[in-house]
Amino acid sequence: MKKAILFFAAAGLLMTSCQKFKKAEGGLEYKIVDDNAKEKAVSGDLLAIDIVQSTDRDSVMSSTYEMGIPQIVQLYPDSIIAKNPGDPTGLFKYVGEGDSLIFKINLDSMAAKTHQPKPEFADKFLVFSIKVKKHFKKGKLTDQQLGEQVQKYFEEELNKHKTAEPAKLDKYIKDKSLKTTKTASGLQYVITKPGTGANAKVGDSIHVNYVGSLTTGKVFDTNLPDIAKKEGIFMPQRPYEALKFQLGVDGVIPGWTEAFQLFNKGTKATLVIPSSLAYGDRPQGKIPPYAPLVFEVEVLDIKPGKVPAPTPAATMPGVVAPTATAPTAKAPAAKK
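Note that the structure is predicted; figures quoted are calculated from it, not measured.

A. Molecular detail of the environment of Ala122. Following the sequence through the fold, Ala122 ends up in the loop between helix H4 (107-114) and strand E7 (125-136). Spatially, the C-alpha atom of Ala122 lies 6.0 Å from that of Asp56, the residues being 66 residues apart in sequence. Look past the residues within four positions of Ala122 in its chain and what remains in contact with it is Thr55, Asp56, Arg57 and Leu107.

B. Quick look at the nonpolar core. Formed by 30 residues in total, the largest nonpolar core has its most connected members in Trp256, Phe260, Leu293 and Phe295. At five residues, strand E16 (residues 293-303) tops the list of elements feeding residues into this core.

C. Highlighting unusual backbone geometry. Even without a glycine there, the phi angle at Asp58 is positive, about 65 degrees. For Asp58, the position within the fold is in the loop between strand E3 (46-55) and strand E4 (60-63). Of note, His115 is a non-glycine position whose phi angle comes to about 60 degrees, a positive value. Summarising the element assignment, His115 is placed in the loop between H4 and E7.

D. Structural detail: the packing of aromatic side chains. Applying the stated criterion across every chain, the model contains 13 aromatic pairs. Between the aromatic rings of Phe136 and Tyr153, the centroid separation amounts to 5.6 Å while the plane-to-plane angle is 75 degrees, which identifies the pairing as edge-to-face. With Phe136 in strand E7 and Tyr153 in helix H5 (residues 143-175), this residue pair connects regions lying 17 residues apart in the sequence. Taking the relative accessible area as the measure of exposure, Phe136 reaches 2% and is therefore buried. Residue classification places Tyr153 among the buried positions, given a relative accessible area of 9%. In this structure an aromatic cluster arises from ring pairing among Tyr189, Tyr210, Phe220, Phe245, Trp256, Phe260, Phe263 and Phe295. Positioned over the ring face of Phe21 is Lys104, at 4.3 Å from the centre of the ring.

Conventions and cut-offs
- Residues numbered from 1 in each chain as written.
- Predicted model: local features only at pLDDT ≥ 70, side-chain atom pairs only at ≥ 80, totals over all residues.
- Heavy atoms only, no water.
- Helix = DSSP H or I, 4+ residues; strand = E, 2+ residues; numbered from the N terminus.
- Contact = heavy atoms within 4.5 Å.
- Core = buried A, V, L, I, M, F, W, Y, C linked by side-chain atoms within 4.5 Å.
- Buried < 20%, exposed > 50% of the residue type's maximum accessible area, 1.4 Å probe, protein only.
- Phe/Tyr/Trp six-rings, centres within 6.5 Å; stacked < 30°, edge-to-face > 60°.
- Lys NZ or Arg CZ within 6 Å of the ring centre and 35° of its normal.

Below you can see the structure in the form of structure tokens.
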């Protein structure tokens, strides 16, 4: 479903890119796509928006649809906006709940203003497609009261993800025809190639290859360079080598700590991990809240070790991040 949303969002960008855009200050060009809201945003209001950032080469760079969590933007007074010509925040006075707009940032103008080289990933424009999901009206509300409305909204959005998770898990296992073993914690796994020797235990050093993906099939991390390149997540500065961690000591997600105690050297397995054993309600990188995770893993080696005192530092896949608060990101600025 998310892939379909991204496709249609990108297609919408293509269709509107050939239509007439209005000119705004600072090199901005914009077009109101849907104009149905009776009340438009005014100074002090907040908007929850979905946003797709693309290039004029038809390349989607980022999208809130992937995470399933909108961003919050605030409409500033005209006096502030006037001091920052080209700031797209000023365009939000034209929209309200349910409205959509597209704006384009001219890269030549941006380079001239910032005195920075023009980016190479686009020809002339960065394109932003905006859909207003919720309009929070400041009116006579205090900042605290307005903030409470926003917090409640995001709690409701997170609850939708939580409610949808069991169906995602069941559908994935059914679609893949997996005959999993399920533990008491909710971890599910399939051993695709048995290993040999004793199972790993807490304190042992584990060397693994892995590919992590969402139940949608989108790969978010791997230590295998060929797969990283294929999935468009390759980072030249990263060393692609076997991941090494001390079981029960280094800060991997609970699902990994449990799973690798079930495997011995040479094991290949598919792990299907519920969010309760992964990131829970915390968005992490490309992983949405309440997202079940799928890992294809191979145990390359197990080295016996002792159990030192656990450390809070965590840098492995599935590191538990601090609890996230509701996003408060501003609209994309005209600076890079």
